[in-house]
Amino acid sequence: QVQLVESGGGLVQAGGSLRLSCAASGRTFSSYHMGWFRQASGKEREFVAAISRGGDLVYYANSVKGRFTISRDNTMNTMYLQMNNLKPEDTAVYYCAVDTTIAPVALSPNEYEVWGQGTQVTVSS
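Residues numbered from 1 in each chain as written. Predicted model: local features only at pLDDT ≥ 70, side-chain atom pairs only at ≥ 80, totals over all residues. Heavy atoms only, no water.

**Description of the environment of Ala24**
Worth spelling out the cut-off: Under the scheme used here, helices are H or I runs from DSSP no shorter than 4 residues and strands are E runs no shorter than 2 residues, and both carry numbers assigned from the N terminus. Residues are treated as being in contact if the distance between any of their heavy atoms lies within 4.5 Å.
As for its placement among the helices and strands, Ala24 is situated in strand E3 (residues 18-24). Considering only alpha carbons, one finds Ala24 and Thr78, 54 residues apart in sequence, at a separation of 6.1 Å. Ignoring any residue separated from it by four or fewer positions in sequence, one finds Ala24 in contact with Val2, Gln3, Leu4, Phe29 and Asn77.

**So, the environment of Ser108**
The condition that has to hold: Relative accessibility under 20% of the residue-type maximum defines a buried residue, over 50% an exposed one, and the middle range a partly exposed one, all with a 1.4 Å probe and only protein chains included.
Tracing the sequence through the fold places Ser108 in the loop between strand E9 (92-99) and strand E10 (114-115). Judged by its relative accessible area of 27%, Ser108 is partly exposed. Residues Ser108 and Phe47, 61 residues apart in the sequence, show an inter-C-alpha distance of 6.5 Å.

**Some points on the state of the cysteines**
Note the threshold: Only a pair of cysteine sulfur atoms within 2.5 Å counts as a disulfide in this structure description.
Tallied over the entire structure, the rule returns one disulfide. Between the sulfur atoms of Cys22 and its disulfide mate Cys96 the distance is 2.1 Å. Judged by the sign of its S-S torsion, about 65 degrees, the cystine formed by Cys22 and Cys96 is right-handed. Taken together, the positions of Cys22 in strand E3 and Cys96 in strand E9 put the pair 74 residues apart, joining distant regions of the chain. Look at Cys22 and you get buried, because its relative accessible area is 0%.

**As for the side chain of Arg38**
Let me state the cut-off plainly: Polar contact is defined as a pair of N or O atoms within 3.5 Å, subject to the rule that within protein one atom must be able to donate a hydrogen and the other to accept it, and that residues adjacent in sequence are counted only when both atoms are side-chain atoms.
Note on placement: Arg38 falls in strand E4 (residues 33-39). A polar contact is formed between the side chain of Arg38 and the side chain of Tyr94, at a distance of 2.9 Å. Discounting residues that sit within four places of it in the chain, Arg38 has contacts with Glu44, Arg45, Glu46, Val48, Ser63, Val64, Phe68, Glu89, Asp90, Ala92, Val93 and Tyr94.

**Regarding the sheet that holds E3**
What counts, and what does not: Only when DSSP finds a minimum of two bridges between them are two strands counted as paired. Comment: axis = line fitted to C-alpha atoms, over the contacting stretch for helices; angle = value between 0 and 180 degrees taken between N-to-C directions.
The strand order across the open sheet built from four strands is E1-E3-E8-E7, with neighbouring strands paired in antiparallel fashion. On the outer flanks of this sheet lie strand E1 (4-7) and strand E7 (68-73), each paired with one strand and no other. This sheet shows a mean twist of 15 degrees between the axes of neighbouring strands, independent of strand direction. Bridge analysis of E3 against strand E8 (residues 78-83) gives six bridges, and the strand direction is antiparallel. Residue pairing for E8: Leu20 is matched across the bridge by Leu81.

Structure representation (structure tokens):
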């Protein structure tokens, strides 16, 4: 069973940048589609970005398109989320997740089976 650990969250001013990392255990990292999701206080978990197992397909929520970049390094078993021009509305706990099925890349959190513990991102105005 793959395990995920996020890092890189923190407090940043509006307009600033952060880079989140998601380190995965296990030898089959490159077999999985992966995604980033976030959950703000009092709100439901929402899709942020997803990447195919080979890294050739990427998807973004409209709210982050043009500001966030998802990537992965299968040799390092690590996925990244580069977040630029951060806004106060980006404040949330960010989670990485793995889709272990062979279906196309999913955008719904319900399609992901394994989750990290989350990392807090706080953007001050």
